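Chains, contacts and geometry: an overview
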Amino acid sequence: MRSQEKALGRSHYPVCILGAGPSGCSASLHLTQNGVHHLLIDKSTFPRDKICGDALSGKVVYALNRVAPGLSAKLASISTEFLPSWGISFYAPNGKALQVPFKQNPSPEQMAPGFIATRMDFDAFLVKSAASAYADLVLGTDAHIRIHEDRIEITMPDGKVVTADMLIDASGAHSRIAREYGIEVDKNHHCAGLRQYWQGVEGLHPNGFIELHFIKDVLPGYFWIFPMTNNRVNVGIGMLSSKVSDKKVNLKNELARIIETHPEISKRFKSAEPLESPKGWGLPLGSKRRQISFNRLILTGDAASLIDPFTGEGIGNGMISGYYAAEMAVDATQQERYDADFLSKYDEHVYHHLGPELAMSHKLQQMVNYPWLFNFVVNKGQKSKEFRTTLTAMFENVDLRTRFRDPRFYLKLLFNK
Ligand SMILES: Cc1cc2nc3c(=O)[nH]c(=O)nc-3n(C[C@H](O)[C@H](O)[C@H](O)COP(=O)(O)OP(=O)(O)OC[C@H]3O[C@@H](n4cnc5c(N)ncnc54)[C@H](O)[C@@H]3O)c2cc1C
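Residues numbered from 1 in each chain as written. Predicted model: local features only at pLDDT ≥ 70, side-chain atom pairs only at ≥ 80, totals over all residues. Heavy atoms only, no water.

Attention shifts here to the pattern of salt bridges. Oppositely charged side chains can pair when the atoms bearing their charge come close. Enumeration over the complete set of coordinates arrives at 16 salt bridges. Of the charged contacts, one joins R195 and D49 as a salt bridge, the two residues approaching to 2.9 Å between their closest N and O atoms. One end of the pair, R195, is in strand β12 (residues 190-199); the other, D49, is in the loop between β2 (38-42) and β3 (55-56), with 146 residues separating them in the sequence. The salt bridge involving D123 is made with R119; its shortest N-O contact spans 2.8 Å. (Salt bridge = Lys/Arg side-chain N within 4 Å of Asp/Glu carboxyl O. Helix = DSSP H or I, 4+ residues; strand = E, 2+ residues; numbered from the N terminus.)

With that out of the way, let us pick up the pairing of strand β5 (residues 87-91). Side chains on a regular strand alternate between the two faces of the sheet. Where burial is concerned, most of β5 is hidden: five out of the five residues are buried. Taking every second residue as pointing to the same face, both faces of β5 are buried, with G87, S89 and Y91 on one and I88 and F90 on the other. With five bridges connecting them, β5 and strand β6 (residues 97-101) associate as antiparallel partners. Bridged to G87 within β6 is P101. Following β5, the chain reverses through five residues before pairing antiparallel with β6; G95 in that reversal takes a positive phi of roughly 90°. (Buried < 20%, exposed > 50% of the residue type's maximum accessible area, 1.4 Å probe, protein only. Pairing = 2+ DSSP bridges.)

With that out of the way, let us pick up the sheet that holds strand β7 (residues 114-116). Pairing is antiparallel across the open sheet formed by three strands, whose spatial order is β3-β7-β4. The open sheet is flanked by β3 and β4 (83-85), the only strands paired with a single partner. Where β4 and β7 come together, three bridges link them in antiparallel fashion. Considered in β7, the bridge of L83 is made with I116.

What makes D49 partly exposed here is its relative accessible area of 32%. Apart from the residues within four sequence positions on either side, D49 is in contact with M120 and R195. Within polar-contact distance, the side chain of D49 engages the side chain of R195 at 2.9 Å. (Contact = heavy atoms within 4.5 Å. Polar contact = N/O pair within 3.5 Å; in protein donor to acceptor, adjacent residues only side chain to side chain.)

It is worth spelling out the packing of aromatic side chains at this point. A complete count under the given rule lists ten aromatic pairs for this structure. A ring pair is formed by F122 and F125, whose centres lie 6.5 Å apart and whose planes are at 25°; its orientation type is stacked. You can see F122 and its partner F125 sitting in helix α4 (residues 119-130), three residues apart, about one turn around the helix. There is no split in this pair, since F122 and F125 are both buried. Here the aromatic cluster, defined as three or more aromatic residues joined through ring pairs, consists of F214, Y222, W224, F226 and F310. (Phe/Tyr/Trp six-rings, centres within 6.5 Å; stacked < 30°, edge-to-face > 60°.)

The next point concerns the nonpolar core. Core analysis: the largest hydrophobic core is formed by 80 residues, its most contacted members being L39, F122, I154 and L299. In terms of residues, this core owes the most to one element, helix α9 (residues 315-335), which gives eleven residues. Residues within four places of I154 in sequence aside, it is in contact with C16, L39, I41, A143, H144, I145, K160, V161, V162, T163 and A164. (Core = buried A, V, L, I, M, F, W, Y, C linked by side-chain atoms within 4.5 Å.)

Turning our eyes to something else, we now look at the side chain of H353. Structurally, H353 is set in helix α10 (residues 340-367). In this structure the side chain of H353 is engaged in a polar contact, spanning 3.1 Å, whose partner is the side chain of Y324. Excluding its chain neighbours within four sequence positions, the residues that come into contact with H353 are Y62, R66, I320 and Y324.

Taken together, the neighbourhood of the ligand is formed by 35 residues, with S23, D42, R48, G53 and D302 sitting nearest. Between the ligand and G312 there is a distance of 3.4 Å, counted from a nitrogen atom to a backbone nitrogen or oxygen. Here an oxygen atom of the ligand and a backbone polar atom of I315 are 3.0 Å apart. About the coverage of the ligand: the protein hides 94% of its 1,000 Å² of free accessible area. Looking at the shell around the ligand, the elements that each hand over two or more residues are α1 (22-33), β14 (221-227) and β17 (279-284). With three residues, the single largest contributor to the shell around the ligand is β17. The residue inventory of the shell around the ligand, partitioned by class, reads 13 nonpolar, twelve polar and ten charged. (Near = heavy atom within 4 Å. Areas by Shrake-Rupley, 256 points an atom, 1.4 Å probe, with all protein chains shown as cover. Nonpolar A, V, L, I, M, F, W, Y, C, P; charged D, E, K, R; others polar.)

Below, the structure is given as structure tokens:
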């Protein structure tokens with residue numbers, strides 16, 4: 001990847017993006033589509049690891065096509081690294097499973113609706129795709145950023161200073177800038193997560209279904225098994241941080257306990273080998289609306305706390321926020337308006353698009369506090385084809401998730417025979 005780094009081509013850029021993860025690369029790709037010159041800085045060189053479940057949902061595929069048409073087809077062609085995923089299995093606290101395919105009538109020549117790929121591979125794919133005549137990539141560099149009233153000042157480790165009209169912060173869950181602008185870790189809206197790669201886990205779905213196991217002692221949260229290429233799986237556990245503190249849960253012990261003693265899961269790990277020790281990272285959840293744009297500054301992805309509070313999915317939301325950040329930056333550079341009032345349109349777009357499902361996912365997360373209710377829903381789903389078909393339709397058509405807004409939809413879904 002180093003070969004794709006460019007020397008700083010300019011002393012001033014219309015836009016600087018900090019962080020070349022999915023949110024930053026999406027903003028970069030979309031700025032390139034619109035012919036806007038920008039600087040993309042990351043402190044890491046790529047490929048680099050990022051602790052994650054590695055599940056790339058249909059929303060990621062949808063977002064790829066929005067930021068740069070044709071990019072999802074390119075991703076699907078790298079089949080050695082990206083495992084196609086055709087559905088999801090929810091395991092209720094009573095152990096019963098609800099299997100929901102992502103597509104109603106899949107045909108063999110169709111592209112898979114989702115994928116599982118290590119972040120080493122996915123993020124390197126994005127960074128490689130982001131390289132363009134409009135993007136100056138500076139990787140492996142911890143730049144110092146200062147946000148002034150009239151400019152952004154970026155000081156490189158060698159002391160060289162460049163400026164930009166505005167900053168898109170995509171530097172993830174530990175963003176220093178987000179903290180400076182008041183986005184604190186709030187344990188009621190934050191999840192603690194652990195990932196551990198394994199090899200040789202048995203009983204995986206032949207069509208790459210991802211598995212979410214809602215186990216009584218780790219609610220609200222879940223244990224996951226996501227199949228990968230080369231007989232590997234991504235195994236992990238995530239739980240609301242306030243509950244981790246209140247219940248004094250040691251997530252590492254909990255992960256090991258489930259793998260070793262859970263009546264069904266332990267059987268599947270009998271001949272499996274861990275490929276690493278468990279690694280942890282935080283998930284800033286989007287269950288609370290925040291201010292995510294300021295004077296000359298837009299926050300995206302984890303820096304803006306946009307992770308789905310029920311599923312823990314943050315890549316797709318990060319990419320969608322990166323898309324809107326780029327759209328806003330195009331407008332801002334055309335109109336030469338970088339004030340907080342003008343940029344607040346970004347907040348409106350992001351929350352208009354993601355707000356209803358974030359709110360509903362928050363409700364689902366709270367429902368998981370009541371295992372009997374979750375058991376009831378999964379039992380219902382096992383019996384009702386209509387219920388499963390509706391869930392599939394939701395995964396198939398991202399826009400259909402706007403139905404989440406209407407509580408009558410749930411009543412109909414749950415209580416129709
Ligand atoms: C345990 C766990 C499991 C998860 N599982 C899933 C899943 O299966 N599917 C899903 O969709 N989401 C999942 N998520 C959430 C997902 O990982 C994040 O939402 C996603 O990575 C957010 O992307 P981002 O681009 O905003 O930030 P990041 O991916 O964190 O990227 C931020 C980038 O900024 C760079 N950076 C940081 N600081 C600086 C700095 N000062 N200067 C320059 N660069 C900087 C970093 O090097 C990094 O490359 C999971 C998260 C965790 C913790």
